[in-house]
Amino acid sequence: MRRVALGGTLAIVAGVAVLVAAGSRTEAAAPQQATAPATPVAVPWPDEGTLKGPKQPIYFRHDVHATQYQIQCQYCHYSVAVASEPGIPSMQTCMGCHLVIGGSDTTSKVEIKKLRDAWNAKQPVEWVRVHYLARHAHFPHQRHVAKLGPNACATCHGEVQRMPQVFQANNIRNMGWCISCHLEHGVSRDCTVCHY
Amino acid sequence: MATSIVDLPTGHTPYPPITQTHADVTRDVVGTLSPPGKGYLALLAAAVACFVIGAATFLFMVFKGLGYAGYQPPIFWSVFITTFVFWVGIGHAGTLISAILYLFRSPWRTAVYRSTEAMTVFAVMTAGLFPIIHIGRQWIFYWLLPYPNARYLWPNFKSPLMWDVFAIGTYLTVSSCFLIFGLVPDVAAIRDKVTGWRKWLYTRLAFGWQGTDNQWRHYSRAYLYLAALCAPLVLSVHSVVSWDFASSLIPGWHGTIFAPYFVAGAIYSGIGMVLTLLIPLRKALKIEHMITEYHFDNMAKLTLLTGTILFYAYGMEYFVAWYSGNTFEQTTFWRRAFGPEWWGGWTMIVCNAFVSQLLWFRKIRTNLTALFVISIFINLGMWFERWVIIQSLSNDFIPYAWDSMNPTWVDWFIFLGSCGWFSMWFLLFAKNFPIVAIQEIKEFIPMPRKSGAAHGGHH
Amino acid sequence: MSESPQQPMNRRRFLTVVGASGAGAAVLSGCSTEKVQKLVPYLVQSEDQIPGLATYYASTCTECAASCGVHVRTREGRAIKLEGNPDNPISRGRLCARGQAGLQGLYNPDRVRTPMRKEGGAWKAITWDEAIKLLAERFGAAGAGLRIVAGQARGTLTGLMNRVAQAQGGALVRWEAFDRDAERAANQRTFGRGDLATYEFGEARYILSVGADFLETWGSPLEQARGFAQSHGFRDGAMARHVYVGPRMNLTAMNADEWLAPRPGTEVAFVLGVAHAVVARRGGDPRLQAAVATFTPGAVAQATGLAAADIERVAGEFAAAAPSLAVAGGIGAQYPNAVELCAAVNLLNLAAGNIGTTVRFGADPDAREGYAAIRRLQEEMAGGAVTAVLFHEANPVYALPASARFGEALAKVPFKVSTALVLDETAAQCDLLIPNHHALERWDDAAPRAGTFALMQPVMQPVFTTMHTGDVLLKVAQAIGGASAAAASAPSFEALVRATWQQLAAAQKAGDFEAFWRAALQRGGHYAAAPVQPVSLASAQVDATPAALGDGEFVFTAYPTSMLHDGRGTNRPWLVENADPVTKVTWHHWVEVSPATAKRLDVREGEIVRLASAAGTLEGPVYVFPGIRDDVVAVPLGWGHTEYGRYAAGRGANALDLLAAPAGPALPYVTTVGVTKVRNAFRALAKTEGNPRQLGRHIAEAMPLEHAAAGYTIKQSWEKLGNPEHEVNTEAELQAIEGFEEAFAAARELGNYAGEQPMWGLAVDLAKCTGCSACVTACYAENNIPVVGEEEVLRGREMTWIRIERYWEGGTDGQPVEGRVVPMMCQHCDAAPCEPVCPVYAAYHTPDGLNGQVYNRCVGTRYCANNCPYKVRYFNWKAYNWQAFPEPLDLQLNPDVTVRARGVMEKCTFCVQRIREAQHRAKLEGRPLRDGEFTVACAQACPSDALVFGDMHDPESRVRSLKQSPRGYHVLELLNVRPAVTYLAKVNHRPAPAAAAGHGAEESH
């Protein structure tokens, strides 16, 4: 009963939100200024909880991995080019490196210890999900990667390789975001391409 | 008024002589605004109670699901749409009497048009709730409205339901304007006789009315145009509503006769409701001498006319079903008369086609008790007409899917709620606004010779 | 295809992984109402699980003894759908309704989640160590008093059980409710061998079934349905003829060209009468000739109450057809003299020369006693000889008549154990529950027939803390030590299975075992040709005296339904709400009464009658059924469970209560009863059917074989039959259509189906469709369709996107009653009436010819459903998505399909998710879609290949060629909505009009 009530009201609120978003979409879609200096070597970035995006159980730094160490996105997100789901790296993948790499500074040492403890305890790290669509929208990653090429990821996720902590760079939950891009590329805007 | 209706076109029944003076009229009408008695309060309380029950039931349904109402596929519309069309229909007498009869200069409207206009507005207010009540996800009803959005999505203007949104919207706006506008001189007349919050209210609603010639000139012109603007709505609105059904392919709905048939029915039910309301009302407000047998006689004639049109329409439906040789149509109409739900069909035919024929007799037309009883039958019959139309869904093309209508308490409580909501507004109006148009009554009062000049060409 | 995942992943983890992949019970909400989501990675990435892509494992269905091969579709480590295994000779890529519902056995919310022990009448969860310790003690002490009752299990596990039991001096009892005991006994007598034959329905030109419901529960239904479609489905101007003989019209009879209903119990005489004609024509063994000599048409007519003309005709046709096929032994017609009947049918097949052609011996791997064995066990238990008993895949307390007093006898056994997955009636009486793994969670094998070796592998981690019964027995045997330990020593049951298959590999002359094993895992088993052994007549002895049924006023038959089988299906919502193919009743049992009898007893549908037999009484709501003799009443089996979970317990009554359980080779399911009306008692039947007749609306079309062979269109056929022409031919309508054609052509210019766009279409061949409803279950599974429950079905709110409409024809004024079926799903009309009326474009037409339904856009005005002439749109009146999938049933949900929320309309989408998936694949591989590369769920499941899906723009596509068949027509064509679904008219192989006089079925009415 109460869930329905909640669902109903939230839906209304959300509906209104869409309207607002509609207005501010262009602004939302505007290029995201880098939140870290655009140097090949990411500077240590203390996690004072002041960073954008949700705080993760482990302060995993995409900027360090993707920019400083030049690891390709698909090394960890292994199924993005073949399946609708991008794939979350298994703990084994993390340990593949961190068995030997223990971290250079105190911050990283602490964080990597967390990972190792979890691995030894055979407990997977429960990351907080940043990017997700409503359950009635189907997003085939493989098709978009194939179409958009090297910059595919950044198109929606923003410049993750410069984010110490991942946040939702673009308003991807708003259908207008999808539509405008589909318009740009002149690809199908048929509803049942995504909604079924 | 500029085109005063005192100089009647020939052939009109002369307006019965009025013995009172201007002062009397004003007094009597203002008298209707006297502090309410116990009976009135009791009625109001009952109305509010019904409304609260209905509202509570609606909330229950929103949280628990439409399934608690008596929907039984293939009947995907049920009591809610029936009631929706019922109230829209009621709404038609008002505009007809105020606008069309005004344009036709028929004198008898003056005493009754105020109340019927009020009824119209409230009926449409009630009807307007049902499209929202009956949809599956009430919380996103606004998707039915065209507004710019990030999805680049617009409503489907091909859909009769969209036409509805606009038809009802327009009708509500225009008829409210008409009501408020018509009130101006009268509100001004009583403005000076009341105190307290009413004074405050009337002062605002009078829009600074002084009754100067200049104001009268503009007023009567504007009133005329507004009436002209309303007139087509009488036909358009219910035609559009009828297309909700006629533009589908359901046997029993898919008929070209629907628009005129619905308009006639709407007026019929409208007048029926007017009678139901006015007969007790004039007693309660002690204005029998203003709303007289003369008025009822005329309304009864209108009822007779529209009722007879309905009679014809019913006949035609059956004829066409038979003549078309279309097996689906034939089955539907056969079952309408002799199927498991035969009682619905016959209630409709008896209450509308047959009962209305009693009004050929002047004795009955002028016997208010008889009229009141008949008007009740009319309301019942017209509700069932819509019920029967909806019922065409229960036996359409695929026999395997057939089922029958089977409403639940949710349907009935929400119907009750709509009645409460309507009565509540009407009662409040009756006690707080002049239910009879003071100025226009006054026009029929023979002018005192000496001061005649003072009134000029008009007034 | 690949091996099962070896690396561990506990249930909670794969659940959360599901969450990560955005799948799981995705609840459609207005917009974003999800709370914080977690991404939970694998510890170790399993090499054959890619999120977002399905992985298929080959396994074997255990829902009935047929052991069809299946492919298990898994996503993110959970099984989400069962499909047929194309490599498997039994299923050939198809799967029946019961088989697909196996998933709801796996995810059944009422499964026993841990081992449990009864203490003071209450169940108490214990650990597996405790359970095994206890078992070892008691089994060890049991000695010769140990019995293991195994149901359909066959293969390595049965062998193990046998050894374990015998090591103690105990015994293994092989019994299954619907074991074909009568046939075994008859074969023993006629041919001197107690094994079962296999039947080649696909090759027969004439099929005579005497009470054998070969499309429902008898034998290997799926395989037989396929064979039946091959021979009886109209092809190249010819088709076999199918005559059914029995007291009531079951699904098999409904698919017959002729239904004969002789006096119940006199079928033997009828069969011998046919044999008489055959012998007269072909001669044969003198013993045979002697046995049938006296059964002239006249004499048989005397005995059976059928018209001599019919008997002569059928006999003549049967004798003329070669090869022909006669079958008997169905449960619904299992009289006290069932053995005689089967023996008579053996003689008939022998006389007609069918032995070795359509009737083949030598394929049945193991002969057994069945009913006799369980009766002996009952006596032993009653006598106190049994000290410990283990029930595996057997529920005798429910599946034997109460009059067998099995429960009472069982109570005398000091230690009772059950491996049941769900607490059934037998398990409820036990002292210890050791829940087995579900077939999809365990290693196992089966040998449904010689030459076919089926393998099962775990396709996912166990849902609950269950344990493989094989492993339990191994551990117990080791704990007991001594002879037991020696008899059953293996590190694990998996090792035991491998050992068995090593022997098999050797026997099959397979070189490298690992290769053999991998191939077997990938193909779901090893398939070799079944040896055909010659058999010869041992004895022609048959006793044709009518069965002694009793002295009740009515003959009563308890018959199995294709959904519930022996009652094991009653806890699967998919099977309980999927309407019975013949009566279209759901969720409750019913009492079938003929219209004439109903009038005589003054009962209407839903009114309660009480049936009283010598053995007991039963009450139930009347179902007035044109397909039953006036002197017969029938009640379906499978209802009236007292345990067995929330969906089954306390639902309906058990028809077995009326039966006696006499000594003998087989349990008779027919007796006699008195019928009395219970005053003022009523129970509305939750039927999915509104009006049982199509009122000449040309929905389910049929044409005589001659017309079909002559290539007439359905309209030409009407004219030949002197039917009125269809309204669509009136001048006005033709003009209207032409006008429409032009307008429509213009519309196409504007983009619909333009250029490369495909145009999806479906063809439904009613000459093949049997109405089995496998497609309905497939749709439930594929499209996350909720089960709504009895109350909602009573309001007509079932959500089956595809439904099988069943219409009665004839049955009045001397016409034979004919049941026709039409699968009805969204027709995806080109000019769809539902589209223009939607105010928000939730219903609209896609460029590839689909009638799109956008759930998240739908506000629920329901105008589309009103305006749909086919009534194939379904509305979520309540939050079915929250009620229908109690944990862990929600694990079955297909992540590719949105779960619809309350207040939105839904309908058949032509499995758009499959279309998109295939398009993604083709696009990535840079090639166009190939015809038959994928298909929709209903077509994929259809045992008789009646549904064909494809692109109508592709000139090579199968669907296109089918649509051009002269038999093709659109339902409600005169509405001119231009459906994308084409139906091919049913073809009736009726007898020549001359001979049709005095119809047998009529005489019985």
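Residues numbered from 1 in each chain as written. Chains lettered and ligands numbered in written order. Predicted model: local features only at pLDDT ≥ 70, side-chain atom pairs only at ≥ 80, totals over all residues. Heavy atoms only, no water.

Once that is clear, we can look at the overall build of chain B. Helix and strand content of chain B: 17 helices and 0 strands. What you see for chain B is a C-alpha radius of gyration of 23 Å, in line with the 23 Å of a compact globule of 459 residues. With respect to the principal axes defined by its C-alpha atoms, chain B has extents near 80 × 55 × 45 Å. Out of the 459 residues in chain B, the part that is buried amounts to 61%. Excluding contacts between residues fewer than 6 apart, the proportion of contacts in chain B whose partners are at least 24 apart in sequence is 82%. Accessible surface computed for chain B: about 17,700 Å², of which carbon and sulfur atoms make up 73%. Distance between charge centroids for chain B: 9 Å, based on 30 positive and 21 negative side chains. (Helix = DSSP H or I, 4+ residues; strand = E, 2+ residues; numbered from the N terminus. Rg over C-alpha atoms; globule rule 2.2 N^0.38 Å. Buried < 20%, exposed > 50% of the residue type's maximum accessible area, 1.4 Å probe, protein only. Contact = heavy atoms within 4.5 Å. Areas by Shrake-Rupley, 256 points an atom, 1.4 Å probe, with all protein chains shown as cover. Lys, Arg positive; Asp, Glu negative; His and termini not counted. Charge placed at Lys NZ, Arg CZ, Asp CG, Glu CD.)

Residues and elements named next belong to chain C. You can read the domains of chain C as domain 1 (116–174 + 368–449 + 451–489), domain 2 (181–360), domain 3 (554–687) and domain 4 (702–997). Contacts between domain 1 and domain 2 engage 5 residues on the former and 4 residues on the latter. Summed over both sides, the interface of domain 1 with domain 2 buries roughly 360 Å², with 31% coming from carbon and sulfur. Of all residues in domain 1, Arg-368, Tyr-371 and Arg-449 bury the most surface against domain 2, accounting for 85% of the area lost on that side. With a closest N to O distance of 2.5 Å, Arg-449 and Glu-223 form a salt bridge. Grouping the amino acids of the side of domain 1 that touches domain 2 by side-chain chemistry returns 1 nonpolar, 1 polar and 3 charged. (Domains from an automatic or database assignment. Buried area = accessible area lost by both parts, 1.4 Å probe. Salt bridge = Lys/Arg side-chain N within 4 Å of Asp/Glu carboxyl O. Nonpolar A, V, L, I, M, F, W, Y, C, P; charged D, E, K, R; others polar.)

Residue and element names in this part refer to chain C. Counted under the stated rule, the structure contains 72 salt bridges over all chains. Here Glu-83 ties to Lys-81 by a salt bridge, and the two come within 3.7 Å at their closest N and O atoms. In this structure, Asp-566 and Arg-568 form a salt bridge, with 3.0 Å as the shortest nitrogen-oxygen distance. In terms of burial, Asp-566 and Arg-568 fall into one category: buried. Beyond isolated ion pairs, a larger network of salt bridges with shared partners links Arg-73, Arg-75, Glu-76, Asp-896 and Glu-917.

This paragraph deals with the sheet that holds strand E4 (residues 78–84) of chain C. All names here are of chain C. Read from one edge to the other, the open sheet built from 3 strands follows the order E2-E3-E4, with strand pairing classed as antiparallel. Two strands lie at the open edges of the sheet, namely strand E2 (55–60) and E4, each paired on one side alone. Within this sheet the neighbouring strands show an average axis-to-axis angle of 30 degrees, counted without direction. Sheet topology places strand E3 (residues 69–75) next to E4; 6 bridges connect them, and they run antiparallel. Across the sheet, the residue bridging to His-71 is Glu-83, located in E4. (Pairing = 2+ DSSP bridges. Axes fitted to C-alpha atoms, helices over the stretch in contact; angles between N-to-C directions.)

Next up on the list: the side chain of Arg-803 of chain C. Turning to its location among the elements, Arg-803 of chain C is positioned in strand E31 (residues 803–809). The exposure class of Arg-803 of chain C is buried, given its relative accessible area of 9%. Among the polar contacts listed, one links the side chain of Arg-803 of chain C to the side chain of Glu-805 of chain C, at a separation of 2.7 Å. Apart from the residues within four sequence positions on either side, Arg-803 of chain C is in contact with Ile-398, Tyr-400 and Ala-401 of chain B together with Val-822, Pro-823, Met-824, Tyr-870, Lys-871, Val-872 and Tyr-874 of chain C. (Polar contact = N/O pair within 3.5 Å; in protein donor to acceptor, adjacent residues only side chain to side chain.)

Residues and elements named next belong to chain C. Taking burial as the measure, the 5 residues of strand E13 (residues 324–328) include 5 buried ones, the bulk of the element. Covered by surrounding structure in E13 are Ser-324, Ala-326 and Ala-328 together with Leu-325 and Val-327, the residues of both alternating faces. For strand E10 (residues 206–210) and E13, the ladder comprises 5 bridges, and the chain directions are parallel. Paired with Ile-207 across the two strands is Leu-325, which belongs to E13.

Moving on to the interface of chain B and chain C. On the side of chain C, 61 residues touch chain B, which itself brings 56 residues to the contact. When chain B packs against chain C, close to 4,700 Å² is buried across both sides, 58% of that on carbon and sulfur atoms. It is Phe-76, Arg-137 and Tyr-400 of chain B in chain B that bury the most area against chain C; as a group they hold 20% of the surface buried on that side. At the boundary of chain B and chain C, one finds 1 salt bridge.

Let us look at the sheet that holds strand E20 (residues 525–527) of chain C. Residue and element names in this part refer to chain C. Spatially, 3 strands are ordered E18-E19-E20 in an open sheet, and the strand pairing comes out antiparallel. Bordering the open sheet on either side are strand E18 (444–449) and E20, each of which pairs with just one other strand. Each strand of the sheet is rotated relative to its neighbour by a mean of 20 degrees, with strand direction disregarded. When E18 meets strand E19 (residues 452–456), the two strands line up antiparallel, connected through 4 bridges. Its bridge partner lying in E19, Arg-449 is registered against Thr-452.

Here is a general trend for soluble globular proteins: nonpolar side chains tend to be buried in one another's company. Counting residues in each nonpolar core, the largest one holds 294 residues, and the members touching the most others are Phe-245 of chain B together with Phe-910 and Tyr-983 of chain C. Sorting elements by how many residues they give to this core places helix H8 (residues 213–246) of chain B first, with 14 residues. Those residues within four positions of Tyr-983 of chain C in sequence are excluded, and the remaining contacts are Val-764, Leu-766, Val-822, Pro-823, Met-824, Met-825, Gln-827, Arg-967, Gly-968, Tyr-969 and Val-971 of chain C. In terms of nonpolar packing, the next biggest core, distinct from the first, is built from 49 residues, Tyr-398, Leu-410, Ala-661 and Val-673 of chain C among them. (Core = buried A, V, L, I, M, F, W, Y, C linked by side-chain atoms within 4.5 Å.)

A few words on helix H8 (residues 175–185) of chain A. Along H8 of chain A, the residues that are buried comprise Gly-176, Trp-177, Ile-179, Ser-180 and His-182 of chain A. Sitting at the amino-terminal end of H8 of chain A is Asn-174 of chain A, which places a side-chain oxygen 2.8 Å from the backbone nitrogen of Gly-176 of chain A.

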